[in-house]
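# Structural characterization, general
Listed below, chain by chain, are the residues.
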Amino acid sequence: MTAERTAPERLTEDQAAAELARLAAAIARHDRLYHQEDAPEISDAAYDALRRRNDAIEARFPQLVCADSPNRRIGAAPASGFAKVTHRVPMLSLDNAFEDADVQAFDQRVRRFLGLGADEPVPLVAEPKIDGLAIALHYEDGRFVLGATRGDGTTGEDVTRNLATLRSIPARLKGRTPARLEVRGEVYMERADFLALNRAREAADEPVFANPRNSAAGSLRQKDMAVTASRPLRFFAYGWGDLAEDLGPTQWACLDRLDALGFTTNPERKLCAGVDEALGLWRAIEAKRASLPYDIDGVVYKVDRLDWQARLGSVGRVPRWALAHKFSAETARTTVEDIVVQVGRTGALTPVANLAPVTVGGVVVSRATLHNEDEIQRKDIRVGDTVVIQRAGDVIPQVLAVDLDQRPKDARPFDVPTACPVCGSAAVREDGEAVRRCTGGLTCPAQAVERLRHFVGRDAFDIEGLGEKQIAAFFEAGLVRAPADLFRLEARDATAEPRLAEREGWGTVSAANLFHAIAERRRVPLARFIHALGVRRVGEGMARVLARRYRTFAAWRSAMDAVARGDADARADLLAIDKVGDAVADALAAFFAEPHNERTLDALAAEVTVEDAEERAAGTTLAGKTVVFTGTLERMTRDEAKARAEALGATVAGSVSRKTDFVVVGSDAGSKAAKARELGVTTMTEDEWLALAEAALGGRPPPAGRGGRGKWRGTS
DNA sequence: TCCCCTCGAGTTCA
DNA sequence: CTCGAGGGGA
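Residues numbered from 1 in each chain as written. Chains lettered and ligands numbered in written order. Predicted model: local features only at pLDDT ≥ 70, side-chain atom pairs only at ≥ 80, totals over all residues. Heavy atoms only, no water.

As a matter of local geometry, DNA strand C sits amid 21 residues, with E433, A434, D578, K579 and G581 nearest to it. At a separation of 3.4 Å, a phosphate oxygen of DNA strand C approaches a polar side-chain atom of N372. Those elements that place two or more of their residues in the surface near DNA strand C are β19 (396–402) and α21 (582–593). For the surface near DNA strand C, the element with the most residues is α21, which contributes 3 residues. (Near = heavy atom within 4 Å. Polar contact = N/O pair within 3.5 Å; in protein donor to acceptor, adjacent residues only side chain to side chain. Helix = DSSP H or I, 4+ residues; strand = E, 2+ residues; numbered from the N terminus.)

Quick look at the structure:
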């Protein structure tokens, strides 16, 4: 009897591995025949049988799931042939609010930022937040030329042909049209259409969609645009990206203009005089939620005046001028089957609840983080308890409360670990800290592996094809113990036994791909490099700050070495940087005092080229200058002044030092102005500063974020 | 010294 | 996404 017919549970591990490899190859081949060559050799049913067999074996032997598992490949490469599109203006996400108080706070924040009085209302445009897919539509001279999904906000997929089949997306705009226009909005499916579609699919013995959102997503990402055309998709326009000319002075006027151009905007939209009226609209929409023909998950508020929107700008990926006020999330009840402890990169021990699987908000949830021991105590969560869970912000599962009436007699409280569950080192909780940490450092395999994962992660070295499994396997096999080992992998592999390509889960192609991905990262910007090291308290933002200040790897390293040696000047320099305090300085000193880390750096320096940090906004006269604001500013708020200065390439510091270039002195300035005089640092008034900023700008609009020059970069 | 805001580090599931 | 802690303004 061939292994092929054997029930998965009766396969030996070797047989299973062999069969998985065979299935992966077969499925990949049929995928290609189906998607790219449009010439399937087997029926869909036969194909499904292959997939099911693969899944069953993977479920039985999870340790054998490898990089080229068909299930992974689908997620990793939405390969079905959509080109990538880079959004020239990133598609931001929205800050969320769940309660009236959060909305009031938003209003306050906006008012404070703009320097408005308490009695000056901020008019808001409110409209339902459609539960669909965010889309960007590009028009040139009135013609629809490109449509893309949001993707990660920076890069999405080109689904132009599919979008062109939607009635509510005009192929040509009406009336006078801007030369270039990017309209943004939501593609969705009405509930009635969704139900009808599912009935038809059921009748045709096809799998049904879980909800209208998934249904819309699935319909849009069809290879065959005829299929998309047959699906009842619709589009609401609610915003814009790249524009050749303004659509109007306010959000409201722009929405009217979009209507006039031939788009559909949401009929529930309303211009509210202030936050109270907006909250009233929220309640009205919540009340009629069920009677709306489409699913919504809240109401979006946007500051109406576009000049205010521009002044407010955005923080990270979130605009300060918009807010999503969500309806309360769906909850579910389930039982806690176990509480396990995970070890993070810094040794943090995190308790996680294993739950009896339950569906919440359309997804099956089986785990939820419990954060730390205090949290468990506060909520009194025990193994065996029935708990109420929700998906916070509709994503991350969260335990809300315990149903004490349902507590079984034998419910077991969580045992606080005194030793690391992985390496057995003592697990201690420092005074005043909420987390307990494994003290094993890099001798703890869990920490070592997590650090490597961080090193190759997307925000750090970004090495493709190295996930948790692969890193763990390499570590286990002794191939990669420290970051530099990655860069020696290929050379070492030439003489290794067995070769990587002969290892389980790898083939010649995947091995070559990996070596290629690693080789591509031998040049790395300083900020990424610093972040990759995983120094405590030094994340992405801090790494950028440090890179900007020290410019070169050599300068940074020697400065940090000096700090570690206790050099007071070096430490003072470090602390003079805005956002660097004692805790960060101590963390860096501790890292560089560790001989092991010094060796790691030496080894890495021999393998990679660290690129010097570029001057931000180079070319403006303020680039690289350090500015300190003090006293009360009259013409702009502090936040605004700071955002402006940074956009011009300046660094805004909190305190005056010898390194400070200008001190902008507002009214009622105190010690900082005095210190500036004492050190002989240039001081100026607010008006002088504004003139300087204006001159630095040279009449150009502030530089947009980093990203593509040129047109949409067609990678992939 | 206190409070607010931002950032870091943790985590889920598709 | 959330919690906790650091940094910096008041």
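This paragraph deals with the pattern of salt bridges. One pass over the structure, following the stated rule, counts 39 salt bridges. A salt bridge links D602 to R557, with the shortest nitrogen-to-oxygen separation between them at 2.9 Å. One end of the pair, D602, is in helix α22 (residues 595–607); the other, R557, is in helix α19 (residues 553–565), and 45 residues separate them in sequence. With relative accessibility at 43%, the residue D602 sits in the partly exposed group. Under the relative-accessibility criterion, R557 is labelled buried at 13%. It is possible to trace a salt-bridge network through shared partners that takes in E373, D374, R429 and R436. (Salt bridge = Lys/Arg side-chain N within 4 Å of Asp/Glu carboxyl O. Buried < 20%, exposed > 50% of the residue type's maximum accessible area, 1.4 Å probe, protein only.)

Our next topic: the sheet that holds strand β8 (residues 233–243). If you trace the 4 strands from one edge of the open sheet to the other, you get β5-β4-β7-β8, paired in antiparallel fashion. With partners counted over all chains shown, the strands left at the sheet margins are β5 (143–149) and β8, one partner each. Taken pair by pair, the neighbouring strands of this sheet meet at an average axis angle of 30°, ignoring direction. The strands touched by helix α9 (residues 251–261) within the sheet are β7 (180–189) and β8, with β8 carrying the most contacts at an inclination of about 120°. (Pairing = 2+ DSSP bridges. Axes fitted to C-alpha atoms, helices over the stretch in contact; angles between N-to-C directions. Contact = heavy atoms within 4.5 Å.)

The strand order β2-β13-β10-β3-β9 describes an open sheet built from 5 strands, whose pairing is mixed. Where the open sheet ends on each side, the last strands, each with one partner, are β2 (95–97) and β9 (270–272). Averaged over all pairs of adjacent strands, the angle between their axes in this sheet comes to 35°, without regard to strand direction. Bridge count between strand β3 (residues 124–130) and β9: 3 bridges; the pairing is antiparallel. Of the residues in β9, the one forming a bridge with V125 is L271. The sheet contacts of helix α4 (residues 100–114) involve β2, β3, β10 (296–303) and β13 (322–326), and relative to β13 the element is tilted by about 175°.

Around DNA strand B there are 25 residues in total, and Q342, T346, S366, R537 and M542 lie nearest to it. Among all atoms of DNA strand B positioned within 4 Å of the protein, those belonging to sugar or phosphate total 90%. Within the backbone of G539, one N or O atom sits 3.2 Å away from a phosphate oxygen of DNA strand B. Among the elements that take part in the surface near DNA strand B, strand β16 (residues 363–369) stands out by supplying 6 residues, more than any other. For the surface near DNA strand B, a count of residues per class yields 11 nonpolar, 8 polar and 6 charged. (Nonpolar A, V, L, I, M, F, W, Y, C, P; charged D, E, K, R; others polar.)

Moving on, we get to the packing of aromatic side chains. Per the stated rule, a full pass over the model turns up 14 aromatic pairs. Centre to centre, the rings of Y139 and F144 are 5.5 Å apart; their planes meet at 40°, and the pair counts as tilted. By the burial criterion, Y139 is buried, and F144 matches it. The rings of F455, F461, F487, F529 and F553 are connected pair by pair, giving a single aromatic cluster. Geometry around W252 places R269 over its ring, the cationic atom sitting 4.5 Å from the centre. Above the plane of the ring of F475 lies R481, whose end atom (NZ or CZ) is 4.3 Å from the centre. (Phe/Tyr/Trp six-rings, centres within 6.5 Å; stacked < 30°, edge-to-face > 60°. Lys NZ or Arg CZ within 6 Å of the ring centre and 35° of its normal.)

Moving on: the confidence of the model for chain A. When pLDDT is averaged along chain A, the result is 80, and 80% of the positions lie at 70 or above. Counted against residues more than four places away or in other chains, residues 1–5, with its pLDDT under 50, gives 8 contacts. Confidence drops under pLDDT 50 across residues 72–80; counting only partners more than four residues distant or on other chains, this segment forms 16 contacts. (pLDDT = per-residue confidence, 0-100.)

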